[in-house]
Amino acid sequence: MSSTRNLRKSVLSIAMGMCLTSLAASPVFAQSATGAVAGRASAGDQVVLVNNATGASRTVTVGGDGSYRVSQLPVGDYSLRLKRAGEDVGQALAVNVSLGGTTTVNLGNEGNLTNLDAVQVVGSRVVNRVDVYSTETSTNISREELARMPVDQSIGAVALLAPGVVASGATFGGLTFGGSSVAENAAYINGLNVTDPYRRQGFSSVPFAFYKEFQVKTGGYSAEFGRSTGGVISAVTRSGGNEFKAGMEVTLEPADWASERKDHFHTDGTLDERNRTSRDTSPLFKTNVWASGPIVQDKLFFFAMYEKRDNNSKDYDAAAAWLTRRDNGFWGGKLDWHINDDHLLELLAFSDKAESTTDVYRYTWAADTLDSLKGDSIADSGGKNWSLTYTGHFGDNFTAKAMYGVNKRSAANSSTQDADCSIVTRSSTYTKKFGDETTPEGCHPTESSVGTRFDKREAARLDFEWALGDHLLRFGVDREVMDSASSVRYPGDGRSYQVQGATAGSALNGTVIPAGATAIVDARRYLTGTPVTTEAEALYLEDNWNVTPNLLLSLGLRADKFHNKYASGVTFAKADFSDMLSPRLGFSWDVMGDGSTKVFGNAGRYYLPLTNKLPDYFAGTTDEHTYYVLEGWQQMQHPVAGTYLLPILGAQIGGINTSGNVPAPQDFRTAVARDLKMVFQDEFILGFQRAINPAWSYGVNATYRRMTRSVEDVRINHVEGCPWYSGDWPIINPGETTTLWCPTTNDWVTFDSSKDGYKALGSGAIMGYKKPKRTYKAVEFQLDRAWDDKWAFNASYLWSRSEGNIEGPVNSDTGYADTNLVQYYDHPAVNERHGVLFNDFRHQIKLRGSFKLNDMWSFGATLAARSGGPITAFGVVWPNDNRAAGGSGEFSGGGSGWLCEQSASNDCSKWATRQLTYSERGAFGRMPWVTDLNANVTWTLPVEGVDLKARFSVYNLLNNQTAVNVHSRHESTPGVVMPYFGQATVWQSPRYMNLVVTYNF
């Protein structure tokens, strides 16, 4: 062997680099905060791993087939040593264990590395460039890499670094993974599920500096993971070690460092619906301090952090201003008790509770002056969270893990004037008739309902891992109990008052408006909300079988069940284990046998259970209207709002209109199908990855996803053999055979909802609903140059196509965010069309890199560019039906692909004779490309022993404010085109900058 080769081995044995991103990660307890080390060595030798921070040690004996595996290792840096007959062999190796990954370390007879091409050289850590123990697709990102690049301080910003993850242009925001909707993802912190259980949108989070490493899963999850058909964000927090450490971090993001948001206008010159934005500001200032170290040397360690946040935003509209005070603190900590080398107990606790108070003013835009104070608005969010995790190693071959945790969230809005002030509004008919408001009408500052919601998740899981020869058996069980208690009501006396212009003698509420009346008052009483619970359980079994030393097969099966119910114990919906079986099959072929090249693939089914929003919606709603003649206005005085007017109620017009009331079903057999089946997605991935050398690697993979089921409220106004169904919206699987209770016959009735369920108005035609379908096809290319203490680079290109007739459980086209309640099946026309979907972003390019000039200066940049989504038109009718197929407002639900062009020969108001034109999805072109360029520079104090850094970052450097969503409503009534169709509704955020200063000691 040449001296060069020997030198290479010597260098590698003491200084191996860390791979900052990987194209694939291991299926090792994907919901936990651990990783593994595995490889080949001489049979009978012992492999010893020592955690550098805590001194904890693990020892395994190499099997007769020459393989070894050390699993359930806390994320971090380790020292690996080979022992033979009790004596050390060769030099110790520095090994890094990443989140959810398996580091491959193949050892020769002398204890040196043999898979040289599969690792990189930098610093002091060994990380394989290709994870041959993985069959999934994911991206790992450490806090060290993030510190070198301009990535905003949010877990969502980290997820956007992964290929296939896009910030949705929906009015309600969120992330879309692989063509899925924003309500199909999950997030975990140290194995605790922190996903919103109410709508499955959003998640709890902790300060950026509290995290240690992130893993973004975009496909191919192993069997222990479920309840997601989109993507998964898994993060692990920092822990303490034997060395006392502390530090502080200051983030400065003043308003002057942000570019002005544009005021947006329609093409006719009118102001956009979101009103003015050019004077809005949202500065951010926060400081966190942390400390870590041993409580008992080698045994008990702590990490603690406190962060103070100050985010006082200002929102100026044409006639009102909102000045918000957010002065909140975060606290969090972690305890790690190494009972001995084989048993570990971890406690995580944090609070992300936050409150903001907004002062609401009347405002004059032209003069830029705050006028009188209307009052305040108070918003609450977050909650206290904790988890306790035990990991036990029993011999070399058996590992057990147990976790129990609680995740709490809140979402509440109120005002200190709720008790004093009712909502008073005016319709456009009143303004048109009597002129604009002069004296304030009503004293409520926000004119919005009082809403509260509290969510609590109790999560428990057991996981086991048992190595039996060539088989690694993994099995376990998890259970989550998710409670949501929500309510919505009007402030004041519980009624909202709207004044409307009126004409005496006109029909209203089953009677006529009295003589002499020129205006009326609609007094509306609205109440909704109730406590609901979802109990979810799962069992899984997986065999990772090394068929040969180079070929791994992953054979898994997962079974889920859930039970949605009310606090009274009444069942809303449920599914048993036999209803939700998810096979998972995968393979990984170590082509060269040295961990440098692999071909991998997987096929799996993934189920998506119901959220708490669905039973909450069906719990019953009080929605009553009482109409009065407006007798004038009474002048009132409020200590905060000052002088205001209240409408004087005259004679009541008719009785109380209770047609809007939705009582809680007494018999849920008419509200939820007996044979309700859960949504699932089938996914297939085939990929290739190769380490060109210790620094460079590349990969390519292809993904196909298919979803052919939905759970939605569906308009059922006809069922053959059951006349009771004349206009109901039960929860069913549209397009499939459905069984509901028939009160008329006092028996079950079964019908094919693809052929029956809807009766057209006028023509009387009987028809059903199209079966839902969504497909996602993608090919991803990725090139990676790992950090070598000088520079790093990653590039990816993704081509994808997302098409079907349903986006998922939300509807971004029309802005409906209530999961599984988005009017997809209020009319057969809504899902008639098949074509490109809202999240069809055909081309995605992502680049990121970092460069170290010297010990003082370093630089980083990221670039994300994607093609725009499709523009689809939604009409309000369809052929052979005199019933509306969609709402008439800009953001109302439903909608048809049939459009009507009014002309002398085509009267669109006549349903039987009008001529309609069919419009494909995406027929009106696409939105523009969205490009986001970020850059940063980092200064490091070049003094040994002093860790002081300042990082200045610029986000959206080019200040693009590109449209990312448009008005999709084409018609208000047949033949009447909406004035703003195709014009923008959501834009890219403008440029902003921040400075982050860190000092660690």
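Per chain, residue numbering runs from 1 following the sequence as it is written. Note on the predicted model: pLDDT of at least 70 is required for a residue's local features to be given, and 80 or more for side-chain atom pairs to be given and counted; whole-chain, interface and lining totals, by contrast, use all residues. Only hydrogens and water are set aside when side-chain values are computed; all heavy atoms of the structure are taken into account.

Bringing the sheet that holds strand β11 (residues 186-189) into the picture now. Here the rule is simple: two strands pair whenever DSSP picks up at least two bridges between them. Put simply, DSSP H or I for four residues or longer makes a helix, DSSP E for two residues or longer makes a strand, and each gets a number counted from the N terminus. Strands sit in the order β8-β13-β14-β11-β12 across an open sheet of five strands; the sheet is mixed. Among the strands making up the open sheet, the edge pair consists of β8 (137-142) and β12 (192-193). Bridge count for β11 against strand β14 (residues 232-237) is four bridges, and the pairing is parallel. Looking at β14, one finds that Ile189 is bridged to Ala235.

Here the focus is the pairing of strand β6 (residues 87-97). The sheet contact formed by strand β5 (residues 76-84) and β6 spans eight bridges and is antiparallel. What sits directly across from Gly76, in β6, is Val97. Between β5 and β6, which pair antiparallel in sequence order, lie two residues; one of them, Ala85, sits at a positive phi of approximately 55 degrees.

As a further point, take the nonpolar core. Among the nonpolar cores identified, the biggest contains 55 residues, and Phe572, Leu610, Leu676 and Met678 are the most heavily contacted of them. If you tally residues by element for this core, the top one is strand β34 (residues 571-575), at three residues. The next biggest cluster of nonpolar side chains, apart from the first, holds 33 residues, and it includes Leu146, Ala187, Leu192 and Ile233. We call a set of buried Ala, Val, Leu, Ile, Met, Phe, Trp, Tyr and Cys residues a nonpolar core when their side-chain atoms join them within 4.5 Å. Type-normalised accessible area, obtained with a 1.4 Å probe on protein chains alone, sets the label of each residue: buried when under 20%, exposed when over 50%, and partly exposed for intermediate values.

Pairing is mixed across the open sheet formed by three strands, whose spatial order is β4-β1-β7. One side of each edge strand has no neighbouring strand; the edge strands of this open sheet are β4 (67-74) and β7 (102-104). Neighbour-to-neighbour, the strand axes of this sheet turn through a mean angle of 20 degrees, independent of strand direction. In this structure, strand β1 (residues 34-40) lies alongside β4, joined through six bridges in antiparallel fashion. The residue bridging Ala38 from the neighbouring strand is Arg69, located in β4. Where helices are involved, their axes are fitted lines through C-alpha atoms of the stretch in contact, as for all axes, and angles between N-to-C directions lie from 0 to 180°.

When a carboxyl oxygen of Asp or Glu is within 4 Å of a side-chain nitrogen of Lys or Arg, the pair counts as a salt bridge. A full pass over the atoms with the stated rule returns 51 salt bridges. Here Glu441 ties to Arg426 by a salt bridge, and the two come within 2.6 Å at their closest N and O atoms. On the criterion of sequence distance, the pair formed by Glu441 in the loop between α4 (428-434) and β26 (450-468) and Arg426 in strand β25 (residues 423-426) is long-range, its members being 15 residues apart. Two residues, Arg457 and Glu480, come together in a salt bridge whose shortest N-O distance is 3.2 Å. In this pair, Arg457 sits in strand β26 while Glu480 sits in strand β27 (residues 471-489), placing the two residues 23 residues apart along the sequence. Take Arg457 and Glu480: they sit in the same class, and that class is buried. Residues joined in a network through salt bridges with shared partners are Arg227, Arg457, Arg461, Asp463, Asp478, Glu480, Arg558 and Asp560.

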